[in-house]
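# Architecture at a glance
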Amino acid sequence: MTRHLLDIASLSVHELRHILDLSVSQTTIAEKPLADKGVALIFEKPSNRTRHSMEMAVVALGGHPVYTRGEEVGFDVRESVEDIARIMAGYHAVLAARVFSHSVVERMAAVSSVPVVNMLSDMSHPLQALADIITMEEHCGPISSLTVAWIGDYNNVARSLGEAVCKLGGNFTLGCPEGYNASPDEIARLQEFGGSVRQSVDPKEAVAGAHVVHTDTWISMGQEEESAARRVIFAPYCVDAALMQNADANAKFMHCMPAHRGEEVSAEVFDGASSLVIQQGHHRLTAARGALAWVMGK
Ligand code: CP
Ligand code: NVA
């Protein structure tokens, strides 16, 4: 069966752990599962980390990446998502896409004869969550022993992180404003994966005892028109040194980046000794190798 990677939720705990193991192992590089094969990397939105880590992961596994801007293929404009996917599947071993609507990667996966990888949608960012888990386990210990706090907008990155932390038996706490938090149904969905989930509108309460504090931009790509309103609503959710004081004494800070110093995080925290943001960004390459090796059947 074709292995797509559209979100963390649809992976079993065994599959999730296997992808993490493949990521940190060097054997996937030696085995070159993409030898003489192409990988399509289609981006409807800008990217630094995802594009570069995926391109270099494809090369490490022996393949050839073909970067394509979304408007060049024109999902449902130049031709249908299904026609694009079916044709590209004849050239490439993997189709990877960064899209506005999650339904686009679902539609690709529904018709593609080769694996489809989600490189960020409005719903999820599985490659980021894999890198986040690898980074936390390297620096803080097994996820099952950790309390992982998310502060700010309950967005695509938060959802994938929560799915991964819960599946691996960790404690996930959310500190988000009303209207930008997880619904009761969403909390219940995460809770079913395992671990524990706690939510508060008070960021201090959310970080209490946390071993890792994560945040992300208040304005995701595509939400630019809401910028002014969001800056007001999220102002009390800046992760600064005072907020970090409420976390565990050795708490680490993480951010998927791009970051906005003085908005969702203070420069002092982002650039401080407890920040893992650069290691986290570099582990996007580690995770990309594991994800590609897994969809190739490893
Ligand atoms: N974190 C992340 O996905 O970064 P890019 O948008 O630069 O790819
Ligand atoms: N939540 C952000 C993540 C960027 C990597 C966005 O969707 O723009």
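See the structure printed just above.
Residues numbered from 1 in each chain as written. Chains lettered and ligands numbered in written order. Predicted model: local features only at pLDDT ≥ 70, side-chain atom pairs only at ≥ 80, totals over all residues. Heavy atoms only, no water.

With that settled, the discussion passes to the packing of helix H7 (residues 126-140) against helix H14 (residues 277-295). As a packed pair, H7 and H14 sit with axes 8 Å apart at the nearest point and diverge in direction by 115°. For the pair H7 and H14, the crossing hand works out as right-handed. Between H7 and H14, the residues in contact are Leu127, Gln128, Leu130, Ala131, Asp132, Ile134, Thr135, Glu138 and His139 and Gln279, Gln280, His283, Arg284, Thr286, Ala287 and Ala291, respectively. Along the lines of polarity and charge, the residues of the contact of H7 with H14 split into six nonpolar, seven polar and three charged. (Axes fitted to C-alpha atoms, helices over the stretch in contact; angles between N-to-C directions. Helix = DSSP H or I, 4+ residues; strand = E, 2+ residues; numbered from the N terminus. Left-handed = near helix turned anticlockwise from the far one by under 90°. Contact = heavy atoms within 4.5 Å. Nonpolar A, V, L, I, M, F, W, Y, C, P; charged D, E, K, R; others polar.)

Tallied over the full model, the rule gives 14 salt bridges. Two residues, Arg51 and Glu55, come together in a salt bridge whose shortest N-O distance is 2.8 Å. Pair noted here: Arg51 and Glu55 are both in helix H3 (residues 49-60), with a separation of four residues, about one helical turn. A relative accessible area of 27% means that Arg51 is categorised as partly exposed. Linking Arg231 and Glu263 is a salt bridge whose minimum nitrogen-to-oxygen distance equals 3.0 Å. Note that Arg231 is positioned in helix H11 (residues 227-234) and Glu263 in the loop between strand E9 (252-255) and helix H13 (267-270), a separation of 32 residues in sequence. Taking the relative accessible area as the measure of exposure, Glu263 reaches 18% and is therefore buried. What you see here is one network of salt bridges that share partners, running through Arg159, Glu163, Glu186 and Arg189. (Salt bridge = Lys/Arg side-chain N within 4 Å of Asp/Glu carboxyl O. Buried < 20%, exposed > 50% of the residue type's maximum accessible area, 1.4 Å probe, protein only.)

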